[in-house]
Amino acid sequence: MHTRTLGTTGPAVSALGLGAMGMSGAYGASDRAESIATVHAALEAGVTLLDTGDFYAMGHNELLLAEALRGRDRDSYQLSVKFGMLRGPGPEFGGHDCRPEAVKNFLAYSLTRLGTDHIDIYRPARLDPAVPIEETVGAIKELVEAGYVRHIGLSEVDAATVRRAHSVHPIADLQIEYSLISRAVEADVLPTLRELGIGLTAYGVLSRGLISGHWSAGHTAGPGDARGLSPRFSSENVEHNLALVEALRRVAGTKGCTVAQLAIAWVAAQGQDIVPLVGARTRERLAEALPAMELDLTADDLAEIEKAVPPGAARGDRYPSAFMSNLGVGN
Ligand SMILES: NC(=O)c1ccc[n+]([C@@H]2O[C@H](COP(=O)([O-])OP(=O)(O)OC[C@H]3O[C@@H](n4cnc5c(N)ncnc54)[C@H](OP(=O)(O)O)[C@@H]3O)[C@@H](O)[C@H]2O)c1
């Protein structure tokens, strides 16, 4: 596994990261033992960047990672943790809280659940509309100075917010959705990150499985699977979107790889400053994702891929409407 450095001030991390969200029910039921085995397999393959959020099943995901990482050398992996999203006792989300006192409170709980004395990259999951980003980043800066946090990241904010945050403390990376069917970052956000020397960790590179080659129109999301609420998976859009996947499958055939590998490799090929995160929750999916980082895409390959899936080709928003207003960029 190669490494990539997150921005000019961030850590060197594995060129592919593992996101653990799906191991705590975001995509329906998951298997705890298989999740832990997947984290172990990723570490053994050289994946060092592990992403979680304190609100992923209300701490469940952090506790799962703590169990998977028990006994490992703390310097052999990097934890990226998101905070600030409020939950209720049911499946509901209750807005955001990124006030300085809340940041410190969230961190105290995360450190305890993760069983560690520091977090490598700590980031607000979304902008709290009631709190200037300078105040949130200022609070994390104090946690950096106190040794509890190594680097500051951001998630799903626009270019202007990146600039404001970076003026308070150097930002290591922005985590944001980026895939063949979600390219809005390319307009303003990516050029701003490059100007400021900030890395990008790309999530949703498989669009939650939609462009993995494993989703079919007849497949329905089970209970608790967030894909059941996603406009791109809805009955009116899914067939159109899967036709794009079939076009991609033809290109994958010429490269001797799978659709998922092609989609991951395409994101990785957009720059050395970009680290794709994959949401594998089984060893089988992980084993498919890993070789994507060895796939060499030529300029002709990239052109073929983009001909198969031109920018803006997907139908449906990337989030349900209630969540779209708090994203840094559109689709
Ligand atoms: N900052 C943010 O706002 C934000 C938002 C969302 C996620 N994230 C982070 O990004 C991580 C990844 O995001 P994502 O879940 O959207 O990722 P993704 O990689 O686009 O989708 C993951 C899903 O795709 C399916 N899949 C099919 N083939 C696969 C393969 N070869 N490898 C991996 N997955 C495959 C799996 O579903 P099945 O297991 O059902 O086949 C898997 O759960 C999350 O775990 C989380 O840490 C961040």
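Remember, it's a predicted structure, so these values are computed and weren't measured experimentally.

Student: For this particular structure, what's the right way to read the pairing of strand β11 (residues 199-203)?
Tutor: Across the five residues that make up β11, a large majority, five, are buried. Of the two faces of β11, both are covered, the one formed by Gly199, Thr201 and Tyr203 as well as the one formed by Leu200 and Ala202. Two elements, strand β10 (residues 171-177) and β11, share five bridges in a ladder whose sense is parallel. Within β11, the residue paired with Glu177 across the bridge is Tyr203. Handedness of the crossover joining β10 and β11 through helix α6 (residues 189-196) is recorded here as right-handed. Both β11 and strand β12 (residues 274-278) contribute to a ladder of three bridges, which runs parallel. What sits directly across from Leu200, in β12, is Ile274.

Student: Just to check I follow, could you spell out the site of the ligand for this structure?
Tutor: Every one of the 31 residues lining the ligand counts as a neighbour, but Tyr27, Asp51, Arg126, Gln175 and Arg281 are closest to it. Here an oxygen atom of the ligand and a side-chain polar atom of Asp51 are 2.6 Å apart. Val205 places a polar main-chain atom, nitrogen or oxygen, 3.5 Å from an oxygen atom of the ligand. For the ligand, whose free accessible area comes to 890 Å², the fraction covered by protein is 95%. For the shell around the ligand, the element with the highest residue contribution is helix α9 (residues 283-289), accounting for three residues. When its residues are assigned to classes, the shell around the ligand shows 13 nonpolar, nine polar and nine charged.

So, how was this worked out
- Residues numbered from 1 in each chain as written.
- Predicted model: local features only at pLDDT ≥ 70, side-chain atom pairs only at ≥ 80, totals over all residues.
- Heavy atoms only, no water.
- Buried < 20%, exposed > 50% of the residue type's maximum accessible area, 1.4 Å probe, protein only.
- Helix = DSSP H or I, 4+ residues; strand = E, 2+ residues; numbered from the N terminus.
- Pairing = 2+ DSSP bridges.
- Right-handed = clockwise from strand over helix to strand, strands pointing away.
- Near = heavy atom within 4 Å.
- Polar contact = N/O pair within 3.5 Å; in protein donor to acceptor, adjacent residues only side chain to side chain.
- Areas by Shrake-Rupley, 256 points an atom, 1.4 Å probe, with all protein chains shown as cover.
- Nonpolar A, V, L, I, M, F, W, Y, C, P; charged D, E, K, R; others polar.

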